[in-house]
Amino acid sequence: MKKLGTKIIGKQILTYTSLPSTNDMAKQLAVEGAAEGTVVVAETQTAGKGRQGRNWVSPVGQGLWMSVILRPTLKVVDTPLVALAAAVAVERAITRVSGVQAGIKWPNDLVVDGKKLAGILVEMQATNAKVKYMILGVGTNLVFNQSDLPVELADKITSLQAAGGGLISREEYLMVLLEELDKVYLQLSAGEFELVLQAWRQKTITLGNKIRAEGPTQLIYGMATDIDRTGALLVTTEDGKQVKILSGDVTVRAVDGKYC
Ligand code: BTN
């Protein structure tokens with residue numbers, strides 16, 4: 001296997017046959033003092049976690065389920081940039097290994113034709129405005145059997161193989177992903193925030209489109225215009241108001257008028 005040429009990420013790679021969640025294992029290791037850049041990979045997760053408290057289906061042999069321990073020196077207010085930077089890295093890794101052109105759906109989903117190819121879950125522990133550790137979890141569907149997916153997900157999810165990228169090995173994709181994550185993480189660590197934001201803007205499918213944002217208490221329709229330093233989505237609503245969306249589910253209006 002090719003030697004991994006990274007500075008921080010992947011100095012130690014721990015692989016498991018099965019874990020409840022690689023994020024949870026990485027968190028446990030981080031608490032025990034594991035070094036920054038430690039990577040945890042599992043062939044399958046029995047309780048894979050998605051954003052907004054959802055499950056992440058992680059069947060054996062069908063994707064790369066992995067987490068990285070980070071100990072950034074970033075201010076807590078700047079930490080949302082880690083997830084945005086990770087989305088940029090995942091997009092680049094996907095293109096490098098397979099040629100598949102995925103788009104970033106705010107904040108950090110990787111999608112092809114409206115279907116999800118990869119997702120990112122960042123968890124953080126901070127005290128007194130200082131980050132103790134961040135866990136960056138990335139799940140990428142490489143190939144899947146439709147039969148392993150819950151019925152309600154079957155038309156919402158795709159894989160690299162289903163998107164025309166061929167059969168990519170987990171090992172090959174892992175190496176490329178770690179290299180790309182390392183590059184953007186070094187940029188963030190050097191304070192090059194605008195470079196990361198620009199890269200995100202170039203690959204997003206959300207900006208410049210009509211969106212529907214469903215938050216815990218409200219539903220907003222409008223035009224997504226930009227993101228700010230905190231990762232918030234800036235939207236001009238249908239009645240002309242400027243609003244910031246900090247979290248929640250955003251769907252993008254497709255040409256047929258459907259939101260996906
Ligand atoms: C999302 O909802 O889009 C985020 C999905 C993140 C899934 C990955 S798989 C590896 C890591 N471990 C987890 O439990 N979740 C993340």
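The structure presented is a predicted model; accordingly, all values stated were derived computationally and were not measured.

Caption draft 1: Local environment of the overall build of the protein. Of regular secondary structure, the protein possesses five helices and twelve strands. Judged by the C-alpha coordinates and their principal axes, the protein covers about 55 × 45 × 30 Å. Considering only residue pairs separated by 6 or more positions, the protein has 64% of its internal contacts joining residues 24 or more positions apart. As displayed, the protein offers around 12300 Å² of accessible surface, 52% of which is attributable to carbon and sulfur atoms.

Caption draft 2: Broad picture of the site of the ligand. Every one of the 20 residues lining the ligand counts as a neighbour, but Ser 21, Gln 45, Lys 49, Arg 51 and Lys 116 are closest to it. The contact in question runs from an oxygen atom of the ligand to an N or O atom on the side chain of Ser 21, over 2.8 Å. Between Lys 116 and the ligand, the recorded distance is 2.5 Å, taken from a side-chain N or O atom to an oxygen atom. Isolated, the ligand exposes 410 Å² of accessible area, and the fraction of that covered by the protein chains is 99%. Mapped onto the shell around the ligand, the elements with two or more residues apiece are helix 1 (22-31), strand 3 (63-70), strand 6 (115-127) and strand 7 (130-141). The element that contributes the greatest number of residues to the shell around the ligand is strand 6, accounting for four residues. Its residues assigned to classes, the shell around the ligand comprises six nonpolar, ten polar and four charged.

Caption draft 3: Expanded view of the packing of helix 4 (residues 170-189) against helix 5 (residues 193-203). Helix 5 packs onto helix 4 with a crossing angle of 135° between their chain directions and a minimal axis gap of 7 Å. Taken together, the axes of helix 4 and helix 5 lie oblique to each other. Residues Val 184, Gln 187 and Leu 188 of helix 4 pack against Phe 193, Leu 195 and Val 196 of helix 5. Residue classes in the contact of helix 4 with helix 5 are distributed as five nonpolar, one polar and no charged.

Caption draft 4: Quick peek at the nonpolar core. Within the largest apolar cluster, 65 residues are counted, with the highest numbers of intra-cluster contacts made by Met 66, Tyr 173 and Leu 233. Here this core gets twelve residues from one element, more than from any other, and that element is helix 2 (residues 80-98). Formed by eleven residues, the second largest nonpolar core is a distinct cluster that contains Leu 19, Leu 29, Ala 42 and Ile 69.

Caption draft 5: Summary view of the pattern of salt bridges. Inspection of the entire model under this criterion finds 15 salt bridges. The salt bridge involving Asp 24 is made with Lys 27; its shortest N-O contact spans 3.8 Å. Of the two residues, Asp 24 and Lys 27 both sit in helix 1, three residues apart, roughly one turn of that helix. A salt bridge links Glu 180 to Arg 96; the nearest nitrogen and oxygen atoms lie 2.8 Å apart. Of this pair, Glu 180 sits in helix 4 while Arg 96 is found in helix 2, placing the two residues 84 residues apart along the sequence. Judged by its relative accessible area of 42%, Arg 96 falls in the partly exposed class. Salt bridges sharing partners connect three or more residues here, namely Asp 24, Lys 27, Lys 49 and Glu 123.

Caption draft 6: Representation of the pairing of strand 1 (residues 13-19) within the structure. With six bridges joining them, strand 1 and strand 2 (residues 39-45) adopt parallel strand pairing. In the sheet register, Leu 14 faces strand 2, and the bridge partner there is Val 40. One crossover worth recording links strand 1 to the parallel strand 2 by way of helix 1, and it is right-handed.

Procedures and definitions
- Residues numbered from 1 in each chain as written.
- Predicted model: local features only at pLDDT ≥ 70, side-chain atom pairs only at ≥ 80, totals over all residues.
- Heavy atoms only, no water.
- Helix = DSSP H or I, 4+ residues; strand = E, 2+ residues; numbered from the N terminus.
- Contact = heavy atoms within 4.5 Å.
- Areas by Shrake-Rupley, 256 points an atom, 1.4 Å probe, with all protein chains shown as cover.
- Near = heavy atom within 4 Å.
- Polar contact = N/O pair within 3.5 Å; in protein donor to acceptor, adjacent residues only side chain to side chain.
- Nonpolar A, V, L, I, M, F, W, Y, C, P; charged D, E, K, R; others polar.
- Axes fitted to C-alpha atoms, helices over the stretch in contact; angles between N-to-C directions.
- Parallel < 35°, antiparallel > 145°, perpendicular 65-115°, else oblique.
- Core = buried A, V, L, I, M, F, W, Y, C linked by side-chain atoms within 4.5 Å.
- Buried < 20%, exposed > 50% of the residue type's maximum accessible area, 1.4 Å probe, protein only.
- Salt bridge = Lys/Arg side-chain N within 4 Å of Asp/Glu carboxyl O.
- Pairing = 2+ DSSP bridges.
- Right-handed = clockwise from strand over helix to strand, strands pointing away.

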